[in-house]
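Chain by chain, the residues:
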Amino acid sequence: MLQFDVVVIGAGAAGLMCAAQAGYRGRKVAVVDMGKKPGRKILISGGGRCNFTNEEASPSNYLCANPHFVKSCLSRYTQHDFIELVDRHGLAYHHKTLGQLFCDNSAQDIVDILMTECEWAGVEHFLRSEVLNVVAAAEGGYVVTTSEQQFKCASLVVAAGGLTMPKLGATPIGYKIAEQFGLNVLPTMAALVPFTLHDHDKARFEGLSGVSIACNVSSEDGTEFKENILFTHRGLSGPAVLQISSFWRAGQVVTIDLLPELNLSDTLHQWRAEQGSKSLKNSLSTLLPKRFIEILITEDAIPDKALNQLSHREIEAVATYIHNWTIKPNGTEGYRTAEVTLGGVDTDELSSKTFEAKKAQGLYFIGEVTDVTGWLGGYNFQYAWSCGFAAGQMC
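This report concerns the structure included in the present document. Numbers given for residues are sequential positions, taken from 1 along each chain in its written order. Confidence filtering applies because this is a predicted model: local features only for residues at pLDDT of at least 70, side-chain atom pairs given and counted only at 80 or more, and all residues used for totals across whole chains, interfaces and linings. Note that water and hydrogens are dropped before the side-chain values are worked out from all heavy atoms of the structure.

## Some details on the pattern of salt bridges
As a reminder of what qualifies: Within this document, salt bridges are pairs made up of a side-chain nitrogen of Lys or Arg and a carboxyl oxygen of Asp or Glu, the two lying within 4 Å of each other. Strands here mean DSSP runs of E at least two residues long; helices mean DSSP runs of H or I at least four residues long; both are numbered from the N terminus. Working definition: with a 1.4 Å probe on protein chains only, accessible area under 20% of the residue-type maximum means buried, over 50% means exposed, and in between means partly exposed.
The tally for this structure, following the rule as stated, stands at 10 salt bridges. Lys152 is the salt-bridge partner of Glu139, the closest N and O atoms lying 3.8 Å from each other. On the criterion of sequence distance, the pair formed by Glu139 in the loop between β8 (131-136) and β9 (142-146) and Lys152 in strand β10 (residues 150-158) is long-range, its members being 13 residues apart. A relative accessible area of 63% places Glu139 in the exposed class. Among the salt bridges present, the one from Arg336 reaches Glu333, with a minimum N-O distance of 3.5 Å. Salt bridges sharing common partners tie together Asp201, Arg204 and Glu299.

This is how it looks when you write it as structure tokens:
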């Protein structure tokens, strides 16, 4: 049996950060992961360039049953701290919209930085090692049995991730360990995920696959995001849809303002006065994709008339329709394409300062396995760095 002070289950963002921090404290640390290489989810994130943090990250960018839970870790290890880390390693990166930071070259650069930190901290890695069993040792600490060997440790950190992207080996092992030690696990669902549409809507919009529109998308609870939507051959995707999917529940509709920068009623009245003989279809096609407008005309959602034939009531109806286009998704594409898992280990079971389980001394849960889900845009990685740092200072 291999003896370690700390065993970290999961060689992802949170796990590697935690392992390095614990190693720098002089702890003997092992990271076990069933994958062939570390940081597999990091490597495919951000189109292979890893949106590794967000300059605007704050507690308001996270969903959690306890909205105050993330405040401590985000304040103790901020986005600026992680930026300082990658700067020290000479990472080339660039700024995108809405505070997002991406690698210039490859997400591999982020994995390399984490692995270098782990190497400097003396961390040992055991890959291709599936966790089969975890038990509390009679004399204290934990025994972890993997497909390859057994580990004895004083502190066990579960950074096993959620259920997203099963092709990368996602399993519910983290939730099972939590339940085994009496911790509550909140229901999970795919989040930051594209919507699928009902067959009749899919048939309506099948010709729009690849069309993108800058919109304001709202959920029934009033949450809204102003970014692009993208029509796909299965439904709707794009940043705004991924964002709102975390707030959407089955059976609900989403409301989309297709022209958030414009008062369409005023514009239509102006057009009617200045270019009344022009058709409504051609006029709207200067603002929105022509194919989309043609679908609305065909379905009589908006009238096929010249501008000067529109009554005041028709103009208001068209404006209301375009600013409040509603659609009821059939569902989501699920964990297969989701970026994160919503729900997980109840944060009321954990210390917000250390991430140690209140019911099991020396047992920690960090990262996606916990009930903390960030917005799209680097927020989930920042939570990984912050909670990994916090746990690494104590485990």
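## Comments concerning the state of the cysteines
Convention followed: In this description, the term disulfide denotes a pair of cysteine sulfurs within 2.5 Å.
Within the structure shown, the criterion is met by 0 disulfides. No disulfide involves Cys18; its sulfur sits 4.0 Å from the nearest other cysteine sulfur, which is in Cys395. A relative accessible area of 0% means that Cys18 is categorised as buried.

## What about the nonpolar core?
The test is simple: Residues grouped as a nonpolar core are buried Ala, Val, Leu, Ile, Met, Phe, Trp, Tyr and Cys residues, joined through side-chain atoms within 4.5 Å. Only heavy atoms enter the contact rule, under which two residues are in contact if any of them lie within 4.5 Å.
Counting 85 residues, the largest nonpolar core has Ile42, Ile110, Leu156, Phe365 and Trp385 as the members making the most contacts within it. The greatest single-element share of this core, amounting to 9 residues, is contributed by helix α13 (residues 379-392). Contacts of Ile42, omitting those with residues within four sequence positions, involve Gly12, Ala13, Cys50, Ala107, Ile110, Val111, Leu114, Phe381 and Trp385. In terms of nonpolar packing, the next biggest core, distinct from the first, is built from 48 residues, Leu63, Ile213, Cys215 and Leu296 among them.

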